[in-house]
Amino acid sequence: MMLSKSLQRKKIIIAGLDSKLVIAIEAMLLRKGFSNLSFANECADIYRIIRPFAENSVDLGLVIVDEFLPGGDVGHMCTSLSRENNGIALPFIILKAESSDQLNDSIQSSGDLIYDLYASFREAELLILVELLLVLKNERYLRNQQQEKLISELATRKLLDAKLKYLIAHDELTGLMNRANLEQHIRLSLMRFKALHQNGALLLIDLDRFGLINDLEGFDVADRLIIEVVALIRKTLTRDVFFARIDSDEFCLYFENVSLTQAKESAEAIRKSLDECRFTTGDVCYNITASIGIAALPTQKVIVHPEELISKAHQACYLAKQNGRNMVWIYNEDDKAIKERHRDVFWVPLIREALVDKNFFLVFQPVINLKSGIVSHYEVLIRMRGQADSVIHPIEFIPVAERMGLIHCIDIWVVENAIDFLAALPVEMSDVCLAINLSGFAFQDGSLLPTLKRKLDLSWVNADRITFEITETAAVDNFDQTRQMINKIRALGCHFALDDFGAGFCSFNYLKKFPVDYVKIDGQFIRNLVNDETDQVLVKSMADVARKLGKKTVAEFIEVPQVIPILVSLGIEYGQGYLFGKPCRELIDGGRVPLAHFSNESETKSHFSYNRLD
Ligand code: C2E
Ligand code: MG
Ligand code: MG
C-alpha cells in the first residue's frame, strides 16, 4: 500500500515497550517514511501527548502500546480513546506476549480501531496494520467532519425556516402581525360570523402626516416613532384583539364579538392617547395624531373576503382624514361622503386611462358679439368617450379629478390639445380664438407656464388667440401665487376671464384680486332673465361693476332669443348658449340666430366668419 505523504506525517505514539522493541519498531517506521514519532512510558504520557489534538485530531495517527503499559488499564484506555463519539477515534495496536489471550470480547466487538499483535510479529505484519489503521482513521475522520457539517447545515436551515415562518406572519419592526396574517384571522372570523352570527369590528389607524416626519427626521427616527405608537396603542387595549401593521404608518385592530359602540370607544381611546402624546427627537417635539376608520360586522352587504372589510375601514379612515384628521369615522354605506368616495374610486382609473388612451376630446361652443351677431370666439369644453359611443360630460369627472389630484393633468391636456387644434386650422381661419377653462389647481403647479410657452413657440399660434377662464373655487387659496401666474401668462399675450361670475360668495373679491379681461355672468342669472326682475337687477349691477372696472361681459346660458335685447340694454357685450349653438366637435357660427334679435342687422355674418376677441 502506498500511503500519501500527509498520512505518513501523522503522529505515531510508541508506548510502554521494552527498549529493544522500541528501537526496532522506530527503525521500521522510519524506513517506511513515518517521521512523526513520540514515545510514552506510561498511560499519563499518552494523555499528555494527545492533549494538543483534542480540538482537532486530524494529525493524530495511532498508538502502538504494550499490553502491560504501566499507570492504568490499557484495555479501558484503548476503548475510551478509540471511540468515535469522543471526537478522537484514536487507533491502537496492542502488542502482546505469546502467552497472552486474545483481546477480550468487549474490546473486540466495540467496532473501535483496536487491534492486537503478538510481540513476535513480522515487520510486514506491523507495517500493514499501521497503514490500514491510519487509512481507516482518516476515513472516519473525514466522515465525522461531513456529518458535523451536515448537522450544522441542518441546524442553520431549521433556524432560517423558523425565522421565515415568523417573517411571513409578522412585521419585522414591531413584531405585530402583518397584513397576510391579519387577513387569515379575519377570514376565519368571517366564517364564524356566518355560522354563529358573531359581531366584529376592524379599526384602521393611519398616522397623520407621518410622511413629513419620515422626510424631515429620517427612517431611524420614524421607526422609533412607530415603535412608540405601537406601545401606546397596546396600553389602551382592554380586550383581546388581533393587532397588525399593514403599511408603514397603518395599523389594524380586529376585535371579535364587540358591538360598534365598544369598537368606537376603543378607537376614541386610541385617538385621544396618541393626541396627548408628544414625540421628541433632538430638540424637536411632534404632536402625533391619527385618523381612524371603523368597519363593523354586520355590514349592509355580506362580506366574504377580509380585503373588503379592510377596504371599508380604509375608506372610513380616508374620510376621517378628509374631514380634518385626528378623528374617528365609521363606515356606513349610506354616508354621502362614502358614496362620493365610491364614485372617486370608480372614476380615477377611467380618467387615467382616458389621458393615456386618448378618450378625451374637445368640443367648441361659440361666443357671440351680441350687437353684431358675429362669433367672437369659442369656448373649449372637454368630453370623455363612454361605452357604446356615449359621451361623458365634465360634471361627471372634473369634480373627481379635482378631489383626486388628477385635474392638473386634464388642464395641461386641454391646453396642449386646444393649441394643437388652432395650429391645425387652415390659414383662412387663423383668426379663430379659443377660451380654455382652467381649474383653480392649474396655478398651484409650476408646469402650466412652461408648457404653454413651449406649445405656443412650437405651434406658432399667437398667444392673443387664447383666453383662460378661471372659476371661483376653493382651490384658488393662494391669491398672490395665482395673481403672479396670471400676470406672467398675460405677459405672453393671453387673456383671462372670470367664469361663473355671481355664482359664489366671493365673486367681487375675485374680480378685485385678479387682473382679468372678461367677466362671464353665471347662467343661473340669465336662464330666466326675461321673466325674473331680480335677475335683471343683479345682472345689471354685475355688468355695471364690470364695465366700471374696464372688463368686458359675457352672458352664459342664452337659450331664448328674447333675452338678447335685454342683455344688450343692460350693457352685456357677448353671449353664449344653446340658442347660438351647443358645444360641438366642429366650429359652428351663430348665423342660425334670427337676425331680428340683434341690434345691428347690417352686420349679418356669413357662415364661418370670425371677429378677433379684443
Ligand atoms: P363652464 O365653463 O361654465 O361651461 C359652460 C357649461 O354650460 C358647459 O357645460 C356648457 O355645455 C353649458 N352650456 C352652455 N350653454 C348652455 C345653455 O344654453 N344651457 C345650458 N343648460 N347649458 C349650457 P359643460 O361642457 O358640461 O361644462 C361644465 C363645466 O365643466 C364647465 O362650466 C367648466 O367649469 C367645466 N369644464 C368643462 N370643460 C373643462 C375643461 O376643459 N377644463 C376644466 N378645468 N374644466 C372644464
Ligand atoms: Mg367656462
Ligand atoms: Mg361658466
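Residues numbered from 1 in each chain as written. Chains lettered and ligands numbered in written order. Predicted model: local features only at pLDDT ≥ 70, side-chain atom pairs only at ≥ 80, totals over all residues. Heavy atoms only, no water.

Considering all chains together, one arrives at 25 salt bridges under this definition. A salt bridge links E123 to R31; the shortest N-O distance between them is 3.3 Å. Here the residue E123 occupies a position in helix α6 (residues 123-169), and R31 occupies one in helix α2 (residues 19-31), the gap between them amounting to 92 residues. The network of salt bridges with shared partners includes D206, D208 and K321. (Salt bridge = Lys/Arg side-chain N within 4 Å of Asp/Glu carboxyl O. Helix = DSSP H or I, 4+ residues; strand = E, 2+ residues; numbered from the N terminus.)

Here the focus is the nonpolar core. Counting residues in hydrophobic clusters, the biggest one holds 76 residues, and the most contacted among them are I351, F468, I489, I558 and L567. Looking at this core, the element that brings in the most residues is helix α14 (residues 407-424), giving nine residues. Setting aside its immediate chain neighbours within four residues, I489 contacts F443, L448, L449, L452, F468, C494 and F496. Counting residues in each nonpolar core, the second largest holds 33 residues, with A222, L253, L274 and I292 among its members. (Core = buried A, V, L, I, M, F, W, Y, C linked by side-chain atoms within 4.5 Å. Buried < 20%, exposed > 50% of the residue type's maximum accessible area, 1.4 Å probe, protein only. Contact = heavy atoms within 4.5 Å.)

Let's shift gears to the packing of aromatic side chains. Scanning all chains against the criterion turns up 14 aromatic pairs. Centroid distance F501 to F508: 5.2 Å. Interplanar angle 80°. Geometry classified as edge-to-face. The ring of Y578 has K582 sitting right over it, with the charged end atom 4.6 Å from the ring centre. Positioned over the ring face of F361 is R585, at 4.1 Å from the centre of the ring. (Phe/Tyr/Trp six-rings, centres within 6.5 Å; stacked < 30°, edge-to-face > 60°. Lys NZ or Arg CZ within 6 Å of the ring centre and 35° of its normal.)

As a further point, take the site of ligand 1. In the region of ligand 1, 24 residues are neighbours, and R383, N437, D499, E559 and Y578 sit closest. The separation between an oxygen atom of ligand 1 and a polar side-chain atom of D500 is 3.0 Å. When ligand 1 sits alone it has 790 Å² of accessible area, and the protein chains cover 86% of it. The dominant element in the shell around ligand 1, judged by the number of residues it contributes, is strand β14 (residues 375-385), at four residues. The residue inventory of the shell around ligand 1, partitioned by class, reads ten nonpolar, five polar and nine charged. (Near = heavy atom within 4 Å. Polar contact = N/O pair within 3.5 Å; in protein donor to acceptor, adjacent residues only side chain to side chain. Areas by Shrake-Rupley, 256 points an atom, 1.4 Å probe, with all protein chains shown as cover. Nonpolar A, V, L, I, M, F, W, Y, C, P; charged D, E, K, R; others polar.)

It is worth stressing that arrangement in space is one thing and function is another; only the former is reported here.
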